[in-house]
Amino acid sequence: ASILVLHGPNLNLLGEREPSVYGHDTLEAIDARLAAIARDAGHHLLSLQSNAESELVERVHDARREGVDCILINPAAFTHTSVALRDALAAVAIPFIEVHLSNVHAREPFRHHSYFSDLARGVICGLGAQGYELALQAALRQLNN
Ligand code: DQA
């Protein structure tokens, strides 16, 4: 199966960006671990980080054409703003899991609302980079069922 990981704006700065909130792992390190886990399970992992809403929307559209089976997404700041990215995921109807490094519910009130959570298969937040691995494990188990 093929799994797509999408990372929203500013996540290219992981490792140097507010490490007390987002941890010390770089995005490259996170993606490499996820790719290895998927490969060991006999699956294929694709990933994209973008600071541009339109690029993420178009990547979701392409995912349907490519037959992507499952999406893991950290929409980052677009979590709280992007009806367009939400609509793209609804349109392609590919199951997705929402991931946040930080516990958004313990932060500013504007981070408490997500445009994605009610459509997501599941939501993981507050567990740092490990959250992506847990989401991938869940996705792999669902794909095997
Ligand atoms: C984030 C939480 C968002 O509120 C924030 O805008 C981010 C990252 C997280 O992973 O904790 O950029 O999605």
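Residues numbered from 1 in each chain as written. Predicted model: local features only at pLDDT ≥ 70, side-chain atom pairs only at ≥ 80, totals over all residues.

- The name given to the chain in an unreviewed UniProt entry is 3-dehydroquinate dehydratase, and the organism recorded there is Pseudohaliea rubra DSM 19751.
- Its UniProt record gives the chain a comment under Catalytic activity (unreviewed entry), which states: "3-dehydroquinate = 3-dehydroshikimate + H2O".
- You can read under Pathway (unreviewed entry) in the UniProt record for the chain the words "Metabolic intermediate biosynthesis; chorismate biosynthesis; chorismate from D-erythrose 4-phosphate and phosphoenolpyruvate: step 3/7." (UniProt positions renumbered as here; feature names shortened; annotations may be inferred.)

### Regarding the environment of D87
Thought 1: Locating D87 in the fold gives a position in helix α4 (residues 83–92).
Thought 2: Taking the number of C-beta atoms within 10 Å as the measure of exposure, D87 has 14 and is therefore partly exposed. (Helix = DSSP H or I, 4+ residues; strand = E, 2+ residues; numbered from the N terminus. Buried ≥ 20, exposed ≤ 12 C-beta atoms within 10 Å, placed from the backbone.)

### Side note on the domain arrangement of the chain
Thought 1: One can read the domain layout of the chain as domain 1 (9–47) and domain 2 (50–72 + 84–96).
Thought 2: Here the C-alpha centroids of domain 1 and domain 2 sit 19 Å apart. (Domains from an automatic or database assignment.)

### Some points on the UniProt feature "site: Transition state stabilizer" (unreviewed entry) in the chain
Thought 1: Per the UniProt record, the feature "site: Transition state stabilizer" (unreviewed entry) sits at R17.
Thought 2: Within the secondary structure layout, R17 lies in the loop between β1 (2–7) and α1 (19–22).
Thought 3: Not counting chain neighbours up to four residues away, the residues in contact with R17 comprise N10 and Y22. (Contact = placed C-beta atoms within 7 Å.)

### Side note on the site of the ligand
Thought 1: Surveying the vicinity of the ligand reveals the residues N10, N74, A76, A77, T79, H100, L101, S102, V104 and R111.
Thought 2: Of the residues assigned to the shell around the ligand, the class counts are 4 nonpolar, 5 polar and 1 charged. (Near = placed C-beta within 6 Å. Nonpolar A, V, L, I, M, F, W, Y, C, P; charged D, E, K, R; others polar.)

### Topic: the environment of H100
Thought 1: With respect to the helices and strands, the residue H100 is situated in strand β4 (residues 96–100).
Thought 2: A tally of 22 C-beta atoms within 10 Å means that H100 is categorised as buried.
Thought 3: As for H100 and C125, which are separated by 25 residues in sequence, their C-alpha atoms are 4.5 Å apart.

### Some thoughts on the packing of helix α2 (residues 27–40) against helix α5 (residues 130–144)
Thought 1: Here α2 crosses α5 at 20°, and the two axes come no closer than 10 Å. In this view, α2 runs roughly parallel relative to α5, as classed from their interaxial angle. The interaxial crossing formed by α2 with α5 has right-handed handedness. Between α2 and α5, the residues in contact are I30, R33, L34, I37 and A38 and Y132, E133 and L136, respectively.
Thought 2: Partitioned by chemical class, the residues of the contact of α2 with α5 number 6 nonpolar, no polar and 2 charged. (Axes fitted to C-alpha atoms, helices over the stretch in contact; angles between N-to-C directions. Parallel < 35°, antiparallel > 145°, perpendicular 65-115°, else oblique. Left-handed = near helix turned anticlockwise from the far one by under 90°.)

### Focus: the nonpolar core
Thought 1: Grouped together as the largest cluster of nonpolar side chains are 35 residues, with contacts concentrated most on I3, I71, L72 and A135.
Thought 2: For this core, the secondary structure elements donating two or more residues are β1, α2, α3 (53–66), β3 (70–74), α4, β4, β5 (122–125) and α5.
Thought 3: Mapping this core onto the domain boundaries places at least three of its residues in each of domain 1 (9–47) and domain 2 (50–72 + 84–96). (Core = buried A, V, L, I, M, F, W, Y, C linked by C-beta atoms within 7 Å.)

### Some remarks on α4
Thought 1: Restricting attention to buried positions, one finds in α4 the residues L85, R86, A88 and L89. Down the axis of α4, the sector holding all buried residues measures 160°, keeping them to one side. Away from its buried face by more than 90 degrees, α4 exposes V83, A90 and A91.
Thought 2: Residues of α4 that are buried sit in contact with α3 and β4.
Thought 3: Looking one or two residues past α4, A93 carries a phi angle of roughly 55°, positive in sign. (Arc of directions from axis to C-beta.)

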